[in-house]
Amino acid sequence: MIERIVIVDNVDPICFYGVNNANMQLIKNLYPKLRISARGSVIRVIGEEHDTAEFEAKIKELSNYAEQYNSLTEEVILDIVKGEAPKEQRRDGVIIYGVNGKPISARTPNQQTLVDTFAANDLTFALGPAGTGKTYIAIALAVRALKNREARKIILSRPAVEAGEKLGFLPGDMKDKIDPYLQPLYDALEDMIPAIKLKEYMETKVIQIAPLAFMRGRTLNDAIIVLDEAQNTTIHQIKMFLTRLGMNAKMIVTGDVTQIDLPRSTQSGLTQALRILDGVPGVGRIEFGRKDIVRHSLVQRIVEAYERFDREEKAAAEASRAEAIRQAAEELEDTKK
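On a predicted model such as this, the values are computed, not experimentally measured, just so you know.

(A) Fine view of the overall build of the protein. Along its length, the protein carries 11 helices and 11 strands. At 26 Å, the protein has a C-alpha radius of gyration far larger than the 20 Å of a compact globule built from 337 residues. By principal-axis analysis of the C-alpha atoms, the protein measures approximately 115 × 40 × 40 Å. When each of the 337 residues of the protein is scored for burial, the buried share is 42%. For the protein, contacts bridging at least 24 residues in sequence account for 70% of all contacts bridging at least 6. Taken as a whole, the protein presents about 18,900 Å² of accessible surface, with 52% of it coming from carbon and sulfur.

Right, here's the structure in full:
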């Protein structure tokens, strides 16, 4: 009789062991000759060498499946233990499997273009209106890279710029003060990574979420870096951010140049960066449009209405300027007479 210790620290415990340890109980029933105990990420098994070796191999296979699909059902456990291929296999076009095994994939042609452009470039700009899934797909790509061991960490950032309202003094420590600006990033991560695993990643700084100002002075190696709401960066901020790129790292920069919340006298760093980096090798760019909006159908109509309003306002302003010029010219002619 020998004892083996199997570590399953790459997967969410609730997903792997099941609700009320149902999965673990099933595994124990499938190996009646073995004495099995599990605590946290450690599984201890005692039995004959051949049986414990087989058990260890199957547990690792189950763990890898659960990590990949964020799901482990009774049917899958039975298939893997019997040596059969699980019926649920990876679907084409799926980026990752989120919480409870939810498949996350590109839902529009431009979202798929973002996936392809990210694979081909170290810096990718994803531009377009709200609701097109720019940030969501960017974070899904970052999580996939982390799961596939293509990167050791994910760094998500946003400029801490108020969108019209003044938040004033916020209570709490620094994290409490900046979290309201970063909540959309947390929301996406919570869709993709089970809560316990996400908490672990955050505590060990495998996943880091911070305001743009906190990036200064860093060199970001072996990482996927996402800058969201980049239209609200200043010229100096975005240059600082882009030059943080280190070895074996990739960046995705998302933004909507129609929703700039900077003071009127401040130029958006994103718009300048797009002009400066146009045509630079290794830099990709995707333009999302109204047809890519994947939120409530009303969002697309709202965006269309605002675009129509902006066109009408611009046309009215141009007509007003033309009229002012005409009147000035007439007054000048009258003065000459």
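(B) Representation of helix α2 (residues 22-30). Among the residues making up α2, those that are buried are Asn23, Met24, Leu26 and Ile27. The arc enclosing the buried residues of α2, seen along the axis, measures out at 160°, which places them on a common side.

(C) Just empty space enclosed by the protein, in detail. Under the criterion given, the structure shown has 1 cavity of 30 Å³ or more. Approximately 120 Å³ is the volume attributed to the largest cavity. What lines the largest cavity is a set of 13 residues, among which Asn10, Glu67, Lys147, Lys197 and Tyr201 lie closest to the centre. Elements supplying a minimum of two residues to the lining of the largest cavity: α3 (49-69), α6 (134-147) and α8 (195-203). For the lining of the largest cavity, the element with the most residues is α6, which contributes 3 residues.

(D) Region of the structure containing the packing of aromatic side chains. If you walk through the whole model with that rule in mind, you get 4 aromatic pairs. Aromatic pair phenylalanine 16 and tyrosine 17: ring centres 5.4 Å apart, planes at 80°, arrangement edge-to-face. Of the two residues, phenylalanine 16 and tyrosine 17, both sit in the buried class. Members of the aromatic cluster, each reached through a chain of ring pairs, are Tyr65, Tyr69 and Tyr97. Note that lysine 250 overlies the ring of phenylalanine 118, its terminal NZ or CZ placed 4.7 Å from the centroid.

(E) Layout of unusual backbone geometry. One non-glycine residue, asparagine 21, lies in positive phi territory at about 60°. Within the secondary structure layout, asparagine 21 lies in the loop between α1 (13-17) and α2. Its relative accessible area of 44% is what places asparagine 21 among the partly exposed residues. Backbone geometry places asparagine 70, a non-glycine residue, at a positive phi of 55°. Checked against the element boundaries, asparagine 70 lands in the loop between α3 and α4 (74-82).

(F) Geometry of the nonpolar core. Residues Leu189, Met192 and Ile207 are the most contacted members of the largest nonpolar core, which totals 36 residues. Contributing elements (two or more residues each) for this core: β4 (94-97), α5 (109-120), α6, β7 (153-158), α7 (174-192), α8, β8 (207-211) and β9 (223-227). If you tally residues by element for this core, the top one is α6, at 9 residues. Formed by 27 residues, the second largest nonpolar core is a distinct cluster that contains Val11, Leu34, Tyr65 and Val94.

Rules behind the numbers
Residues numbered from 1 in each chain as written. Predicted model: local features only at pLDDT ≥ 70, side-chain atom pairs only at ≥ 80, totals over all residues. Heavy atoms only, no water. Helix = DSSP H or I, 4+ residues; strand = E, 2+ residues; numbered from the N terminus. Rg over C-alpha atoms; globule rule 2.2 N^0.38 Å. Buried < 20%, exposed > 50% of the residue type's maximum accessible area, 1.4 Å probe, protein only. Contact = heavy atoms within 4.5 Å. Areas by Shrake-Rupley, 256 points an atom, 1.4 Å probe, with all protein chains shown as cover. Arc of directions from axis to C-beta. 1 Å grid on protein atoms, 1.4 Å probe; cavity = no way out; pocket = protein on both sides within 12 Å on 5 of 7 lines; lining within 4 Å. Points joined across faces, edges and corners; volume = space filled by probe spheres on them. Phe/Tyr/Trp six-rings, centres within 6.5 Å; stacked < 30°, edge-to-face > 60°. Lys NZ or Arg CZ within 6 Å of the ring centre and 35° of its normal. Core = buried A, V, L, I, M, F, W, Y, C linked by side-chain atoms within 4.5 Å.

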